[in-house]
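An overview of the molecular structure
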Amino acid sequence: MKYVDFPGTKERISVIGLGTWVFGGENWGGADDRACVAAAGEALALGMNFIDTAPFYADGRSEELVGQAVKGQREKAFIATKCGLVRENGRVRHDLTPASVAREAEQSLRRMDCDVIDLYMCHWPDPATPVEKTMEAFLKLRAEKKIRHIGVSNFDLDLLKKACAVAPVATLEVQYSLLERGIESGLLPFCRDNGIGVIAYGALGGGILTGKYVKMPSFGKWDARRMFYHHFEGENLKKAQKLVKQMQAFDLPLNQVALSWVRQRPGVMTVLAGCRDVHQVRENAGAADFDLPDGFNVWSR
Ligand SMILES: NC(=O)c1ccc[n+]([C@@H]2O[C@H](COP(=O)([O-])OP(=O)(O)OC[C@H]3O[C@@H](n4cnc5c(N)ncnc54)[C@H](OP(=O)(O)O)[C@@H]3O)[C@@H](O)[C@H]2O)c1
């Protein structure tokens, strides 16, 4: 595994991180709990210390499974979790009010059976709450030693700047892949210039960049590959398939090409790979072992 310094510290963070949205299986057509716990254990064994989870993932089940996996080896893991998507009566609402942030942090600590969250992030913006108020709540949690570092996710540039004016925002988690390059025009250079580490999610395009979809399955209504990753539809699907063909021209596993390409973009701190079992963890961890030569940068603008 390769490591980078967490922004502003000497803490070493793996360049490939474990994504755990699939844990609990809710939006990914089911998942096996034991296989997920084993996947996280294998990630730690391979030195993949950055683990990303959220209360939203299977309504807290992902955090519980992460907690089980790190039991007895908490010091090996750097755990990132989030707040701001709150479930109520079967619906999800945005809530980054200070009271809700404080409540969610307690719930996450309890689910993971941990004393502290290494990186705490706003999952998505809450248009009804001034970000300054949210950041003050994060600073309070940090002063109480319930969280160690502050991050945000899915913020646009204006909101990120507002958050940075109030709190030391160490990281921005955003979608970034060969198929989704929107951050290159503003967010990525801003983060690079300001020492904010970018955590890239969706680098496998929800799985489509692994090249395994010869025939498209029909996903359920709430499956992430239908409601979140739109690379599986219409014109986007054609674009994804074309890209996969280009990637096949090189003699490397496609999942590793997709992850390495994102990992090598300047400003990216860690690339998350969603994994449901030890097999996927091992395959994805391999993306840290080599650098794509310049010739691989055929998709760069
Ligand atoms: N902050 C946010 O708003 C946000 C949003 C999305 C994701 N995230 C985080 O980022 C992580 C990564 O994103 P993601 O999981 O949504 O998507 P992803 O990493 O692009 O794709 C993950 C999916 O790809 C498939 N896959 C993984 N490794 C594979 C391999 N070696 N070979 C073949 N297929 C493989 C698996 O699906 P199957 O086995 O089901 O095919 C897996 O669930 C998430 O788990 C989550 O922690 C954060």
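Everything in this summary refers to the structure shown in the same document. (Residues numbered from 1 in each chain as written. Predicted model: local features only at pLDDT ≥ 70, side-chain atom pairs only at ≥ 80, totals over all residues. Heavy atoms only, no water.)

1. Re the overall build of the chain
In terms of regular secondary structure, the chain is built from 10 helices and 12 strands. Here the C-alpha radius of gyration of the chain, 18 Å, is about what a compact globule of 301 residues would show, namely 19 Å. Oriented by its inertia axes, the alpha-carbon framework of the chain measures out at about 50 × 40 × 35 Å. In the chain, which comprises 301 residues, the share counted as buried stands at 54%. Summarising the internal contacts of the chain: among those between residues at least 6 apart in sequence, 74% fall at separations of at least 24. Total accessible area on the chain is roughly 13300 Å²; 51% of this is exposed by carbon and sulfur atoms. Treating the 39 positive side-chain charges of the chain as one cloud and the 37 negative ones as another, the clouds have centres 2 Å apart. (Helix = DSSP H or I, 4+ residues; strand = E, 2+ residues; numbered from the N terminus. Rg over C-alpha atoms; globule rule 2.2 N^0.38 Å. Buried < 20%, exposed > 50% of the residue type's maximum accessible area, 1.4 Å probe, protein only. Contact = heavy atoms within 4.5 Å. Areas by Shrake-Rupley, 256 points an atom, 1.4 Å probe, with all protein chains shown as cover. Lys, Arg positive; Asp, Glu negative; His and termini not counted. Charge placed at Lys NZ, Arg CZ, Asp CG, Glu CD.)

2. Section: the pairing of strand β9 (residues 147–153)
The element β9 is extensively covered by neighbouring structure, given that 6 of its 7 residues are classed as buried. The handedness of the strand β8 (residues 117–122) to β9 crossover, carried by helix α4 (residues 131–143), is right-handed. Note that β9 and strand β10 (residues 169–175) share 4 bridges and pair parallel. Paired with Ile150 across the strands is Val169, a residue of β10. Following the backbone out of β9, through helix α5 (residues 157–166) and into the adjacent parallel β10, one traces a crossover that is right-handed. (Right-handed = clockwise from strand over helix to strand, strands pointing away. Pairing = 2+ DSSP bridges.)

3. Side note on the nonpolar core
Core analysis: the largest hydrophobic core is formed by 103 residues, its most contacted members being Met135 and Leu160. In this view, Leu160 contacts Val152, Phe155, Val169, Leu172, Leu187, Phe190, Cys191 and Ile196; residues no more than four positions away in its chain are not counted. (Core = buried A, V, L, I, M, F, W, Y, C linked by side-chain atoms within 4.5 Å.)

4. Topic: the pattern of salt bridges
Taken as a whole and judged by the stated rule, the model has 25 salt bridges. Put simply, Lys133 and Glu136 hold a salt bridge, and the shortest N to O gap is 3.9 Å. Of this pair, Lys133 and Glu136 are both found in helix α4, 3 residues apart, which corresponds to roughly one turn of the helix. Here Lys133 falls in the partly exposed class, since its relative accessible area comes to 42%. (Salt bridge = Lys/Arg side-chain N within 4 Å of Asp/Glu carboxyl O.)

5. Focus: the packing of aromatic side chains
Tallied over the entire structure, the rule returns 15 aromatic pairs. With centroids separated by 5.7 Å and ring planes inclined at 20°, the aromatic side chains of Phe50 and Phe78 adopt a geometry described as stacked. Here Phe78 lies in strand β5 (residues 78–83) and Phe50 lies in strand β4 (residues 50–52), a separation of 28 residues in the sequence. Centre to centre, the rings of Phe228 and Tyr229 are 5.0 Å apart; their planes meet at 85°, and the pair counts as edge-to-face. (Phe/Tyr/Trp six-rings, centres within 6.5 Å; stacked < 30°, edge-to-face > 60°.)

6. A few points about helix α9 (residues 254–263)
For α9, the buried fraction is high: 10 of the 10 residues fall into the buried class. Looking at the buried residues of α9, the elements they touch are β3 (16–19), β11 (197–201), α8 (234–248), β12 (268–274) and α10 (278–285).

7. Here we look at the site of the ligand
Neighbouring residues of the ligand: 33 residues in total, closest Asp52, Lys212, Tyr229, Arg276 and Glu283. The side chain of Asn154 places a nitrogen or oxygen atom 2.8 Å from an oxygen atom of the ligand. Residue Glu173 places a side-chain N or O atom 2.9 Å away from a nitrogen atom belonging to the ligand. Against a free-state accessible area of 890 Å², the protein chains account for coverage of 95% of the ligand. (Near = heavy atom within 4 Å. Polar contact = N/O pair within 3.5 Å; in protein donor to acceptor, adjacent residues only side chain to side chain.)

8. Description of the packing of α8 against α9
A pair of packed helices can be characterised by two numbers: the angle between their axes and the separation between those axes. Running from N to C, α8 and α9 point in directions that differ by 100°, and their axes come no closer than 10 Å. Put simply, α8 runs roughly perpendicular to α9. Contact with α8, carried on its side by Val244, Met247 and Gln248, involves Leu254, Val257 and Ala258 of α9 and no other residues of that element. Considering only residue class, the contact of α8 with α9 consists of 5 nonpolar, 1 polar and no charged. (Axes fitted to C-alpha atoms, helices over the stretch in contact; angles between N-to-C directions. Parallel < 35°, antiparallel > 145°, perpendicular 65-115°, else oblique. Nonpolar A, V, L, I, M, F, W, Y, C, P; charged D, E, K, R; others polar.)

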